[in-house]
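Given next are the chains, with one letter for each unit.
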Amino acid sequence: MKKFLPVIIVLLILIGGGAAVLLTKDDSKNNNATSANNNNQTKTTGVFDALATTGTSFIATITSTNNGKSVESKMEYDQKNDAVRYTTAVGGSEASYIFINDAYYICQSASKCFKYPASQGNSSGFDRKAYEYSNEELAGFKNTSVDGGEGACPAGTCHIWKVANGGYESSVYIDTKTKRISQVESTSAAGTSKITYEYKDVTVTAPKNAQELPQV
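The following refers to the structure shown. (Residues numbered from 1 in each chain as written. Predicted model: local features only at pLDDT ≥ 70, side-chain atom pairs only at ≥ 80, totals over all residues. Heavy atoms only, no water.)

1. Structural notes on the pattern of salt bridges
For clarity, the cut-off: A carboxyl oxygen of Asp or Glu within 4 Å of a side-chain nitrogen of Lys or Arg is what we treat as a salt bridge. In this text, helices come from DSSP runs of H or I with a minimum length of four residues, and strands from runs of E with a minimum of two, each type numbered from the N-terminal end. Each residue is placed in one exposure class: buried if its accessible area under a 1.4 Å probe, protein chains only, is under 20% of its type's maximum, exposed if it is over 50%, and partly exposed if it falls in between.
Enumeration according to the criterion identifies 4 salt bridges in this entry. Among the salt bridges present, the one from aspartate 82 reaches arginine 128, with a minimum N-O distance of 3.1 Å. With aspartate 82 in the loop between β2 (69-78) and β3 (83-90) and arginine 128 in the loop between β6 (112-117) and α3 (135-144), this residue pair connects regions lying 46 residues apart in the sequence. Accessibility expressed as a relative area gives 44% for aspartate 82, which makes it partly exposed. The closest approach of N and O atoms between arginine 128 and glutamate 132, which form a salt bridge, is 3.0 Å. Owing to a relative accessible area of 25%, arginine 128 belongs among the partly exposed residues under this scheme. When salt bridges with common partners are traced through the structure, they connect Asp82, Arg128 and Glu132 into a single cluster.

2. Concerning unusual backbone geometry
Positioned with a positive phi, asparagine 101 is a non-glycine residue whose angle comes to about 50°. Examined against the element boundaries, asparagine 101 turns out to sit in the loop between β4 (93-100) and β5 (103-109).

3. Topic: the nonpolar core
Using the following cut-off: Each nonpolar core is a collection of buried residues, namely Ala, Val, Leu, Ile, Met, Phe, Trp, Tyr and Cys, held together in the definition by side-chain atoms within 4.5 Å.
Grouped together as the largest cluster of nonpolar side chains are 30 residues, with contacts concentrated most on Met75, Phe126, Tyr131, Leu138, Ile181 and Tyr197. Looking at this core element by element, the count peaks at 3 residues for strand β1 (residues 58-66). Among the nonpolar cores identified, the runner-up in size contains 10 residues, and Ala103, Cys113, Val202 and Val204 belong to it.

From the geometry alone we can't say anything about function, so treat these as descriptive.
Below is the structure:
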């Protein structure tokens, strides 16, 4: 039975994170649809200006709603070690992924973790890029976003930009003082998601006494 426990944990995490992943990012196949959607919208004189999330540590809190069910997850990025911890709770049980150095871990609790080679990380179903914004991606928003003016956000006051990605519509809130992304709200036919960013020091380390399963 223990041999199949990590698979169960993966399914729990996928349930918690899947909706947010699908609602926040789209692949390159939708680029043409993005341009078509925004050509019909009226742009103002504002210029999209935001800093990438990759240059600093942060905590992203993700709240996703799909088919009337809400799940809250958290991604912590340790910029110094380029390490990530993703945690979610489903049915009263908490599970987490930890990606660090040459391995990744699946933890059902603080004392029950399983270690896997980094080469198997893609099979986990978790994509950290779904919650990160690179300089290249933000540069693309300059031509496709619509100025929504200013409004309140977790950081205080933000410039709000409307971005369409195929069947997804997002509002990106950029802190007027720091140019950091404070919040991203997305909607689609499947549901909604909200990601709030808090920029602070984060330390992600490998869990102690993790069980390394034999390779099949």
